[in-house]
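# Inside the fold
Given next are the chains, with one letter for each unit.
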Amino acid sequence: MITVAAHRYLSTLLLSICILACSVQAAATEAPPPIRDEIPQAVLQGTGTYRWFGLAIYDAALWMSAGSPPDIRQRFALDLTYARNLYGSKIAEASIDEIGKLKLGTTEKRQQWLLQMKGIFPDVKEGSRITGIHIPNEAARFYLNGKLLGEIRDPEFAHSFFAIWLDKKTSAPNLRNKLLGHQNTSQ
């Protein structure tokens, strides 16, 4: 038979465990800086992993304003955590290749954007995080591990860059679906 004191102790212990579990879960879905500075009411829309020939390249997370349906025309953040070392110039070149596949921007604009991205994107190591902020009708702003890298003040570039992940014709439709919160897709 459990005494009243033992019952109170167990109840308090269980309550403490539940509170701790809820706190850990809340912290896991709290927007990291600079996302919470750029989008104060940001909520995690979805996550997924980009793979190339089976190798994990990065984990992606899409953050949007609370209460808003997914809309590429609003302010949002795309947070990429790299699973391997990559050269910044290769990240820029791959981005331009994907923008070209989507037939966005002119050849001249894509060359200009490539130069701008090469000037911003650093080499990354496993665990590095690049965060892109979509600022509608203005720019795309980039951070490395929470520190500002720079921005490209061209609304057409901002749209084209984030279309790599969010356009219906993306080369990674399963990742797009996961980012938009459609978790029932296979990778």
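Now for a quick tour of the structure. Remember, it's a predicted structure, so these values are computed and weren't measured experimentally.

## Description of the sheet that holds strand S1 (residues 42-52)
Taken together, 6 strands build an open sheet; the order of strands is S1-S2-S3-S4-S5-S6 and the sheet is antiparallel. Two strands bound the open sheet, and with one partner strand each, they are S1 and strand S6 (147-152). Strand-to-strand twist of the sheet, defined as the mean angle between neighbouring strand axes without regard to direction, takes the value 20°. Strand direction decides the pairing type here: S1 and strand S2 (residues 55-65), joined by 10 bridges, are antiparallel. If you follow Gly 48 over to S2, its bridge partner there is Ala 60. Against the sheet, helix H5 (residues 155-166) engages S2, strand S3 (76-82), strand S4 (129-135), strand S5 (139-144) and S6, with an angle of about 60° to S5.

## Details of the packing of helix H3 (residues 88-101) against H5
Axis separation between H3 and H5 bottoms out at 9 Å; the angle between their running directions is 85°. Considering their axes alone, H3 and H5 lie roughly perpendicular with respect to each other. Across the interface between the two elements, Ser 95, Glu 98 and Ile 99 of H3 pack against Ser 160, Phe 161 and Ile 164 of H5. A per-class count over the contact of H3 with H5 returns 3 nonpolar, 2 polar and 1 charged.

## Here's the deal with the pairing of S3
Sheet faces and side chains relate simply in a regular strand, where the side chains alternate between the two faces. Counting buried residues in S3 gives 6 out of 7 residues, a clear majority hidden from the surface. By the bridge criterion, 7 bridges tie S2 to S3 in an arrangement that is antiparallel. The partner of Ala 61 across the bridge, within S3, is Asp 79. Relative to S4, S3 is paired through 6 bridges, and the arrangement is antiparallel. For Asp 79, the partnering residue across the bridge sits in S4 and is Thr 131.

## Thoughts on the pattern of salt bridges
One pass over the full model with this rule turns up 11 salt bridges. Across the pair Glu 38 and Arg 141 runs a salt bridge, and its minimum N-O distance is 2.8 Å. In this pair, Glu 38 sits in helix H2 (residues 35-38) while Arg 141 sits in strand S5, placing the two residues 103 residues apart along the sequence. With relative accessibility at 11%, the residue Glu 38 sits in the buried group. Note on Arg 141: relative accessible area 19%, which makes it buried. Members of the salt-bridge network, linked through shared partners, are Glu 38, Arg 75, Glu 138, Arg 141, Glu 151 and Arg 153.

## Description of the packing of aromatic side chains
This model, assessed by the stated rule, comprises 12 aromatic pairs. With 5.7 Å between their ring centres and 65° between their planes, Tyr 58 and Tyr 82 make a pair best called edge-to-face. Of the two residues, Tyr 58 is situated in strand S2 and Tyr 82 in strand S3; the sequence distance between them amounts to 24 residues. Overall, Tyr 58 belongs to the buried group, its relative accessible area being 9%. Overall, the relative accessible area of 6% leaves Tyr 82 in the buried class. Centre to centre, the rings of Phe 142 and Phe 161 are 5.2 Å apart; their planes meet at 85°, and the pair counts as edge-to-face. Of this pair, Phe 142 sits in strand S5 while Phe 161 sits in helix H5, and the two are 19 residues apart along the sequence. The buried category is assigned to Phe 142, whose relative accessible area is 1%. The class for Phe 161 is buried, based on a relative accessible area of 5%. Taken together, the ring pairs in this structure connect Phe 76, Trp 113, Phe 121, Phe 142, Phe 157, Phe 161, Phe 162 and Trp 165 into an aromatic cluster.

Conventions used here
Residues numbered from 1 in each chain as written. Predicted model: local features only at pLDDT ≥ 70, side-chain atom pairs only at ≥ 80, totals over all residues. Heavy atoms only, no water. Pairing = 2+ DSSP bridges. Helix = DSSP H or I, 4+ residues; strand = E, 2+ residues; numbered from the N terminus. Axes fitted to C-alpha atoms, helices over the stretch in contact; angles between N-to-C directions. Contact = heavy atoms within 4.5 Å. Parallel < 35°, antiparallel > 145°, perpendicular 65-115°, else oblique. Nonpolar A, V, L, I, M, F, W, Y, C, P; charged D, E, K, R; others polar. Buried < 20%, exposed > 50% of the residue type's maximum accessible area, 1.4 Å probe, protein only. Salt bridge = Lys/Arg side-chain N within 4 Å of Asp/Glu carboxyl O. Phe/Tyr/Trp six-rings, centres within 6.5 Å; stacked < 30°, edge-to-face > 60°.

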